[in-house]
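# Secondary and tertiary structure notes
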Amino acid sequence: MCGIGAIIHKTENINNKLYEVLFNLQHRGQEASGFIVYDNTTNKQYVAKDFGLVDQNIAKIQKFPGKMGIGHVRYPTHGSATINEIQPFNTHDFSGVSAAHNGNLTNVKDIAAFLSENDIVLEGTSDSEMILHLFIYFLKLEAGAIINVNETTIENAVKGVF
């Protein structure tokens, strides 16, 4: 059981609103929380991840500029307890692409083999990180044509997602 929240706003910085969303979801996961805020004016992602309750990140997230963000509170069912397991996951391959997931994949071994065969290295042991790397793989395959990579593409690659 985890909690996921996301906000996109046309004109306002969303950092405090995203914090409030995760604060109100923290009963769904109290091991750790993570925030990623994206600033489209600078094309930068700002990341805050820490163990403990959501307020562990408040000093960091209050400084983040950006009108789009995603956050996650963690109650682990898979993976180890390291900073690399705290969601949301992000990548430097495509700035602004991040992912959070609540659930378990049932074909983890198949996905891990696929990622390994394609020289894709995971930073942690979470099956949720695999979804982000699959998405990025398909983005690259389609030469960045995001319109061609949709939920059906990803759903066909992973099993057990809900």
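Just above sits the structure.
Residues numbered from 1 in each chain as written. Predicted model: local features only at pLDDT ≥ 70, side-chain atom pairs only at ≥ 80, totals over all residues. Heavy atoms only, no water.

### A word on the pattern of salt bridges
Considering all chains together, one arrives at three salt bridges under this definition. For the salt bridge of Lys17 with Glu12, the shortest nitrogen-to-oxygen distance reads 3.4 Å. A relative accessible area of 37% places Glu12 in the partly exposed class. Among the salt bridges present, the one from Lys60 reaches Asp50, with a minimum N-O distance of 3.8 Å. Residue Lys60 is found in helix α2 (residues 58-61), and its partner Asp50 is found in strand β3 (residues 44-51); the two are separated by ten residues along the sequence. Overall, Asp50 belongs to the partly exposed group, its relative accessible area being 22%. (Salt bridge = Lys/Arg side-chain N within 4 Å of Asp/Glu carboxyl O. Buried < 20%, exposed > 50% of the residue type's maximum accessible area, 1.4 Å probe, protein only. Helix = DSSP H or I, 4+ residues; strand = E, 2+ residues; numbered from the N terminus.)

### Focus: the nonpolar core
Residues Ile7, Ile14, Leu18, Tyr19, Leu22, Phe35, Val37, Ala48, Val54, Ile61, Phe64 and Val73 constitute the largest nonpolar core, which totals twelve residues. Elements supplying a minimum of two residues to this core: α1 (15-25) and β2 (32-39). When residues in this core are grouped by element, the largest group, three residues, is from α1. When neighbours within four sequence positions are excluded, Ile61 is seen to be in contact with Asn15, Leu18, Tyr19, Phe35 and Val37. (Core = buried A, V, L, I, M, F, W, Y, C linked by side-chain atoms within 4.5 Å. Contact = heavy atoms within 4.5 Å.)

### A few points about the environment of Thr11
Tracing the chain through its elements places Thr11 in the loop between β1 (3-8) and α1. Put simply, Thr11 and Gly66 are 55 residues apart on the chain and 9.4 Å apart in space, counted from C-alpha to C-alpha.

### Here we look at the packing of aromatic side chains
In the structure shown here, the tally under the stated rule is four aromatic pairs. Pairwise contacts between aromatic rings join Phe114, Tyr137 and Phe138 into one cluster. (Phe/Tyr/Trp six-rings, centres within 6.5 Å; stacked < 30°, edge-to-face > 60°.)

### Describing helix α4 (residues 127-141)
An α-helix turns once per 3.6 residues; consequently, residues spaced three or four apart project the same way. An ideal rise of 1.5 Å per residue puts 21 Å on 15 residues; α4 measures up with 21 Å between its terminal C-alpha atoms. A large share of α4 lies buried, amounting to eleven of its 15 residues. Listing the buried residues of α4 in full gives Asp127, Ser128, Glu129, Met130, Ile131, Leu132, His133, Leu134, Ile136, Phe138 and Leu139. For α4, the capping residue at the N-terminal end is Ser126, with a side-chain oxygen 3.1 Å from the backbone nitrogen of Ser128. (Expected span 1.5 Å × (residues − 1). Polar contact = N/O pair within 3.5 Å; in protein donor to acceptor, adjacent residues only side chain to side chain.)

### Focus on the environment of Leu105
Note that Leu105 resides in the loop between β6 (98-99) and α3 (108-117). Residues Leu105 and Ile131, 26 residues apart in the sequence, show an inter-C-alpha distance of 9.2 Å.

Purely geometric stuff here, so don't read any function into it on its own.
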